[in-house]
Amino acid sequence: MANDFLTLIMTRRSIRAYKPDAVPADVLARVLEAGTYAPSAMGAQSAMIVAAVSAEARARLTELNAAVIGKDTDPYYGAPVIVVVLGDGGSANYMADGSCVLENLMLAAHAEGLGSVWVNRERERRQAAAQGRPDPRELEAENTALRRRVRELEKENEFLGKASAFFASRHQNTSVLS
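Residues numbered from 1 in each chain as written. Predicted model: local features only at pLDDT ≥ 70, side-chain atom pairs only at ≥ 80, totals over all residues. Heavy atoms only, no water.

### Let's talk about helix 4 (residues 94-111)
With 18 residues, helix 4 should reach 26 Å at 1.5 Å per residue; the first-to-last C-alpha distance of 26 Å fits that figure. When we look at burial in helix 4, the residues that qualify are Asp-97, Gly-98, Val-101, Leu-102, Leu-105, Met-106, Leu-107, Ala-108 and Ala-109. Buried residues belonging to helix 4 abut helix 1 (2-11), helix 2 (25-36), strand 1 (48-52) and strand 2 (82-86). Directly beyond the C-terminal end of helix 4, a positive phi value near 85 degrees is found at Gly-113. (Helix = DSSP H or I, 4+ residues; strand = E, 2+ residues; numbered from the N terminus. Expected span 1.5 Å × (residues − 1). Buried < 20%, exposed > 50% of the residue type's maximum accessible area, 1.4 Å probe, protein only. Contact = heavy atoms within 4.5 Å.)

Right, here's the structure in full:
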């Protein structure tokens, strides 16, 4: 068993080209479960694992991550599943905790015959801040607020349109009667 595990560690490689085939749900579940067994500082298990399986979720993550690096490219190399590990920034060891989770995930994926690659954008985010460029997370929050306001305006516009139609029809009915 020890040799099998060592072989697994020594043969895992970062993969940057993927088949479009869906990952079977049972295989994905085993990989994600392996991530939950990663060690963490003081046993806090504060890292969160999110798997984006739908084409819409993957496209949105791809768009956001590409914005961080300032390129119009797929930073996930067309992977059929994108797994994001989120660290609790309030924890002193969030980076180490998240790194342990990622290692477990990548080794489990390899054991299941899947490829993986570590995509880290924290450094790019910090560089953007140092260069005076906006933090993509702030831009996303701003975009979310703007999208919410647009939806509100659309609802208001829809209401005004219905109200105008209602009053126009009443005016027509009134003018016909007089």
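Structure's up, so let's keep going.
### What about the environment of Thr-73?
Structurally, the position occupied by Thr-73 is in the loop between helix 3 (55-69) and strand 2. In this structure the C-alpha to C-alpha distance between Thr-73 and Thr-62, which are eleven residues apart in sequence, comes to 8.1 Å. Look past the residues within four positions of Thr-73 in its chain and what remains in contact with it is Thr-62 and Ala-66.

### Describing the packing of helix 2 against helix 4
The interhelical angle for the contact between helix 2 and helix 4, taken along N-to-C directions, is 150 degrees, at an axis separation of 7 Å. For the element pair helix 2 / helix 4, the angle class is roughly antiparallel. For the pair helix 2 and helix 4, the sense of crossing is right-handed. For the pair formed by helix 2 and helix 4, the contact residues are Val-31, Leu-32, Ala-34 and Gly-35 on the first element and Val-101, Asn-104, Leu-105, Ala-108 and Ala-109 on the second. (Axes fitted to C-alpha atoms, helices over the stretch in contact; angles between N-to-C directions. Parallel < 35°, antiparallel > 145°, perpendicular 65-115°, else oblique. Left-handed = near helix turned anticlockwise from the far one by under 90°.)

### A closer look at the packing of helix 1 against helix 4
As a packed pair, helix 1 and helix 4 sit with axes 10 Å apart at the nearest point and diverge in direction by 105 degrees. One element, helix 1, and the other, helix 4, form an angle in the roughly perpendicular class. Counted together, Phe-5, Leu-8, Ile-9 and Thr-11 of helix 1 and Leu-107, His-110 and Ala-111 of helix 4 form the full contact between these two elements. Per-class residue counts for the contact of helix 1 with helix 4 are five nonpolar, two polar and no charged. (Nonpolar A, V, L, I, M, F, W, Y, C, P; charged D, E, K, R; others polar.)

### Digging into the confidence of the model for the protein
On average, residues of the protein score 83 in pLDDT, and 74% of them are at 70 or above. When the elements of the protein are averaged for pLDDT, helix 6 (residues 136-177) gives the smallest value, 63, and helix 2 the largest, 96. Taken together, the stretch residues 174-178 has pLDDT below 50 and engages in zero contacts with residues farther than four places along the chain or on a different chain. (pLDDT = per-residue confidence, 0-100.)

### Some thoughts on unusual backbone geometry
In the Ramachandran plot, Met-42 falls in the positive-phi region, its phi being about 55 degrees despite a non-glycine side chain. When you line up the elements, Met-42 lands in the loop between helix 2 and strand 1. Accessibility expressed as a relative area gives 87% for Met-42, which makes it exposed. The phi torsion at Gln-45 lies on the positive side, around 50 degrees, for a residue other than glycine. By secondary structure assignment, the location of Gln-45 is in the loop between helix 2 and strand 1.

### Here we look at the pattern of salt bridges
This structure, assessed with the given rule, holds three salt bridges. Linking Glu-112 and Arg-30 is a salt bridge whose minimum nitrogen-to-oxygen distance equals 2.6 Å. Residue Glu-112 is located in the loop between helix 4 and helix 5 (122-130), and its partner Arg-30 is located in helix 2; the two are separated by 82 residues in the primary sequence. On the basis of relative accessible area, Glu-112 is assigned to the partly exposed category, the value being 30%. According to the relative accessible area criterion, Arg-30 is partly exposed, its value standing at 38%. For Glu-63, the salt bridge identified is with Arg-60, shortest N-O distance 2.8 Å. Note that Glu-63 and Arg-60 are positioned in helix 3 at a spacing of three residues, about one turn of the helix. (Salt bridge = Lys/Arg side-chain N within 4 Å of Asp/Glu carboxyl O.)

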